[in-house]
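Here are the chains, one letter per residue:
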Amino acid sequence: PILFDCIEFNDRLSRIDVLYDAAFPVMDLAVRGRAGPANRLLNAWLDEAAGGFPASQWDGLVALPLFLAIRAAIRAHVTAATGEAEMAGLYLAAAQAALEPTAPSLFAVGGLSGSGKSHIARRLAPLVSASPGAVVLRSDEIRRRSGGGHDQEADSRVYDAMFDLAARVLGAGRSAILDATFLDPAMRARADRMGARGLWLEGDPALLRQRLAARRGDASEADGAVLDLQLGRDVGEITWQKLPAAGDFERAARQLVR
């Protein structure tokens, strides 16, 4: 038992170590005014790590502010020692800001395949809460990690996993964005019960079909046939804030966090 406890402890330390390593480029990008890339890097790392680490990796996000602060403080010391006073000041301010407590928030983005859910989620994420922003929990990534499938049982597993991860991320003090179709009213109600601010993207089916046909290397398996099934489905009353699929996502994201 002692041996297994030691192995588990070392495994947890290795995951924390990797998060500490990831914190440096995330912090540095943010300090240099690259909030979008900083957020994308964090989310890409989390998605990649989720393929090999257990779900408890998400709980480790509670340490991210400390890691960001340490990394920024070290850079402040180094840059000050080399005479870069202005840059050192930016790093020091970032270290202090990272340790300021902030209340996490939750968004949920729904709509038919090709409506732009992931696009607006990515633009919204850097703007939500403290730097480097919100964690994007994309159902397509979760589905890919779980082996795929679009039947009712597979959908249920994906949404269960997504909501579980959202609870973990929020519990770790980080904001989250749920990126899924949310065609089932019960899933939208579930997001509402978690306190999510719901956003619904809608647009011309021809535009959605065009976007799906142009996709390359995307985690989503949705195509025109999937869209046809979605278009024939009764999704119930949409009470979430509606946004145009053909809109300016960058502008819409900024307006959402005013």
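Counting restarts for each chain, with residues numbered from 1 along the sequence as it is written. Under the rules for a predicted model, residues below a pLDDT of 70 receive no local features and side-chain atom pairs below 80 are neither given nor counted, while totals for whole chains, interfaces and linings still include all residues. The side-chain values count all of the structure's non-hydrogen atoms but skip hydrogen atoms and water molecules.

Novice: For this particular structure, what's the right way to read the environment of L106?
Specialist: In this text, helices come from DSSP runs of H or I with a minimum length of four residues, and strands from runs of E with a minimum of two, each type numbered from the N-terminal end. As for its placement among the helices and strands, L106 is situated in strand 1 (residues 106–111). Using a relative accessible area of 5% as the deciding quantity, one classes L106 as buried. Between two residues, a contact is recorded if the distance between any of their heavy atoms is within 4.5 Å. Dropping the residues within four chain positions of it, L106 is found in contact with L170, A176, L178, M194, G195, A196 and R197. Three exposure classes are used, based on accessible area relative to the maximum for each residue type with a 1.4 Å probe and protein chains only: buried under 20%, partly exposed in between, and exposed over 50%.

Novice: Where do I start with the side chain of R138 in this structure?
Specialist: Residue position: R138 is located in strand 2 (residues 135–138). Polar contact is the term for a pair of N or O atoms within 3.5 Å; when the atoms are in protein, one must be able to donate a hydrogen and the other to accept it, and sequence-neighboring residues count only if both atoms are side-chain atoms. Among the polar contacts made by the side chain of R138, one reaches the side chain of S118 at a distance of 2.9 Å. Excluding its chain neighbours within four sequence positions, the residues that come into contact with R138 are S118, R122, D179, D218, A219 and S220.

Novice: Is there a simple way to think about the confidence of the model for the protein chain in this case?
Specialist: Reading predicted coordinates in detail is not appropriate for stretches of low pLDDT. With 92% of its residues at a pLDDT of 70 or more, the protein chain shows a mean pLDDT of 89. This stretch, residues 1–11, has a pLDDT under 50; its non-local contacts, to residues over four places away or in other chains, come to zero contacts. On a scale of 0 to 100, pLDDT captures the predictor's confidence in every residue.

Novice: Teacher, can you tell me more about the pattern of salt bridges here?
Specialist: Pairing is possible between side chains that carry opposite charge, provided their charged atoms lie close to one another. Whenever a carboxyl oxygen of Asp or Glu lies within 4 Å of a side-chain nitrogen of Lys or Arg, that contact is scored as a salt bridge. Within this structure, the stated rule accounts for 13 salt bridges. Residue R168 is joined to D59 by a salt bridge in which the shortest nitrogen-to-oxygen separation is 2.7 Å. Here D59 lies in the loop between helix 2 (35–50) and helix 3 (64–81) and R168 lies in helix 7 (residues 152–171), a separation of 109 residues in the sequence. For R138, the salt bridge is made with D179, and the minimal N-O distance between the two is 3.9 Å. Linking R138 in strand 2 with D179 in strand 3 (residues 176–179), this pair joins segments that are 41 residues apart in sequence. There is no split in this pair, since R138 and D179 are both buried. Overlapping salt bridges, with partners in common, bring together D59, D164 and R168 in one network.

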